[in-house]
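# Analysis of the macromolecular model
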Amino acid sequence: MKKVLFLIAFTFSCLFAKAGVTIPYTEIPYNVNYHWGIIDVMIAHGFVKIQSDGEKFHGTLDGTSIPWEGHIILVSDTLNFNILPGNGISKEKVAYQSGWYRHPKVSYFHSSGYNSADPAIYKNIAGGGEYNASKSSMEAITVTSDMLGMFYYAKEINFAGMQPGQHVVIPIDGEYAQEVVVTYEGNGTFTAEGKTYNTYNCRFEYTYGGQLSGYQVEMKIGQDNRIPLYISASLPVGRVEMLYAG
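Computed from a predicted model, the values in this text were never measured in an experiment.

### Observations concerning the overall build of the protein
Counting its secondary structure elements, the protein contains 4 helices and 13 strands. Taking all 246 residues of the protein together, 42% fall into the buried category.

Below you can see the structure in the form of structure tokens.
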């Protein structure tokens with residue numbers, strides 16, 4: 001009997017000690033489209049960079065807009081988290097998180113004196129900087145920084161074993177979000193650069209202060225490469241889409 005109990009305990013300890021997904025250093029290019037009424041334009045280009053050794057995940061997002069009313073918008077996000085065993089899916093324990101919104105004049109941005117640390121041109125999610133960014137803009141930056149975690153879970157979640165409408169809840173131990181609810185919506189396709197990919201379609205939403213954020217994000221994940229190919233969110237200032245440009 002003791003031997004049986006030992007084997008059961010050993011089996012469960014192996015299950016819960018399983019390492020997370022390993023991801024080699026990857027750079028993923030995106031174009032960003034903006035929709036508001038009759039406005040439908042490509043407004044920015046960006047890169048997401050990800051890497052995981054199975055125990056720690058590191059992700060960054062850097063985006064630069066086209067000149068807009070004499071200014072450039074720059075978004076820079078970083079998310080580092082430890083990958084912990086969970087109930088069927090890894091938990092996320094945030095080690096470091098930062099989100100920056102910069103809004104310099106085009107002439108300043110292209111000058112030799114440009115200083116990205118100039119407090120007058122930036123605001124970050126920790127409250128640093130002097131730029132008067134709107135509350136909705138900083139909420140969106142916070143969601144964007146949290147969203148980097150989905151680049152890891154896009155590879156770990158077993159979408160092929162889910163039914164449309166089924167969801168998973170991923171706990172987050174961090175300063176901002178408490179969890180993310182991911183709902184699988186079925187298979188689909190996405191075309192980029194003349195190539196069509198089969199996709200797993202899902203939507204997700206983060207909780208802050210015990211409540212859902214109100215920013216529900218749609219995502220199409222390549223079935224073969226498990227890379228988010230399409231990301232779309234409706235914000236107070238319009239609908240923003242990130243489209244894979246690889």
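### Points about the packing of aromatic side chains
The relation between two aromatic rings is expressed through the spacing of the ring centres and the mutual angle of the planes. Per the counting criterion, the structure on display carries 17 aromatic pairs. With a centroid separation of 6.0 Å and an interplanar angle of 65°, the aromatic rings of Phe-57 and Tyr-152 are classed as edge-to-face. With Phe-57 in strand β3 (residues 56-65) and Tyr-152 in helix α4 (residues 150-156), the pair connects residues that are 95 residues apart, well separated along the chain. Given a relative accessible area of 0%, Tyr-152 falls into the buried group. Ring geometry for Phe-159 versus Tyr-184: centroids 5.9 Å apart, planes at 40°, classification tilted. With a gap of 25 residues between them, Phe-159 in the loop between α4 and β7 (167-173) and Tyr-184 in strand β8 (residues 177-192) connect regions that are remote in the sequence. One aromatic cluster is present, formed by Tyr-30, Phe-151, Tyr-197 and Tyr-244 through successive ring pairs. Here the guanidinium or amino end of Arg-102 rests over the ring plane of Tyr-122, the centre of that ring lying 6.0 Å away. In this structure, Lys-220 is placed above the aromatic ring of Tyr-230, and the distance from its NZ or CZ to the ring centre is 5.5 Å.

### Regarding the pattern of salt bridges
Scanning the entire structure with this criterion turns up 2 salt bridges. Here Asp-173 and Lys-93 are joined by a salt bridge, their closest N and O atoms 2.9 Å apart. Remark: Lys-93 occurs in strand β5 (residues 91-102) and Asp-173 occurs in strand β7; sequence separation between them is 80 residues. Here Glu-185 and Arg-203 are joined by a salt bridge, their closest N and O atoms 2.5 Å apart.

### Examining the pairing of β7
Looking at chain direction, β5 and β7 are connected through 2 bridges and run parallel. Pairing of Lys-93 across the sheet is with Asp-173, part of β7. What sits between β7 and β8 in their antiparallel hairpin is a turn of 3 residues.

### Thoughts on the environment of Gly-129
Relative to the assigned elements, Gly-129 resides in the loop between β6 (122-124) and α3 (135-147). Distance from Gly-129 to Trp-100, taken between C-alpha atoms, is 9.3 Å for residues 29 residues apart in sequence.

### With respect to the nonpolar core
Formed by 56 residues in total, the largest nonpolar core has its most connected members in Phe-151, Phe-159, Val-182, Phe-204 and Tyr-244. Leave out the neighbours within four places in its chain, and Phe-159 touches Tyr-153, Ala-154, Val-182, Tyr-184, Tyr-200, Cys-202, Ile-221 and Arg-226.

### Concerning unusual backbone geometry
Of note, the phi angle at Glu-193 is positive, near 55°, even though the residue is not glycine. By secondary structure assignment, the location of Glu-193 is in the loop between β8 and β9 (195-208). On the accessibility criterion, Glu-193 (58% relative accessible area) is exposed. Phi is positive for Arg-226, close to 55°, though the residue is something other than glycine. Of the residues examined, Arg-226 reaches a relative accessible area of 16% and is grouped as buried.

Cut-offs and rules
- Residues numbered from 1 in each chain as written.
- Predicted model: local features only at pLDDT ≥ 70, side-chain atom pairs only at ≥ 80, totals over all residues.
- Heavy atoms only, no water.
- Helix = DSSP H or I, 4+ residues; strand = E, 2+ residues; numbered from the N terminus.
- Buried < 20%, exposed > 50% of the residue type's maximum accessible area, 1.4 Å probe, protein only.
- Phe/Tyr/Trp six-rings, centres within 6.5 Å; stacked < 30°, edge-to-face > 60°.
- Lys NZ or Arg CZ within 6 Å of the ring centre and 35° of its normal.
- Salt bridge = Lys/Arg side-chain N within 4 Å of Asp/Glu carboxyl O.
- Pairing = 2+ DSSP bridges.
- Core = buried A, V, L, I, M, F, W, Y, C linked by side-chain atoms within 4.5 Å.
- Contact = heavy atoms within 4.5 Å.

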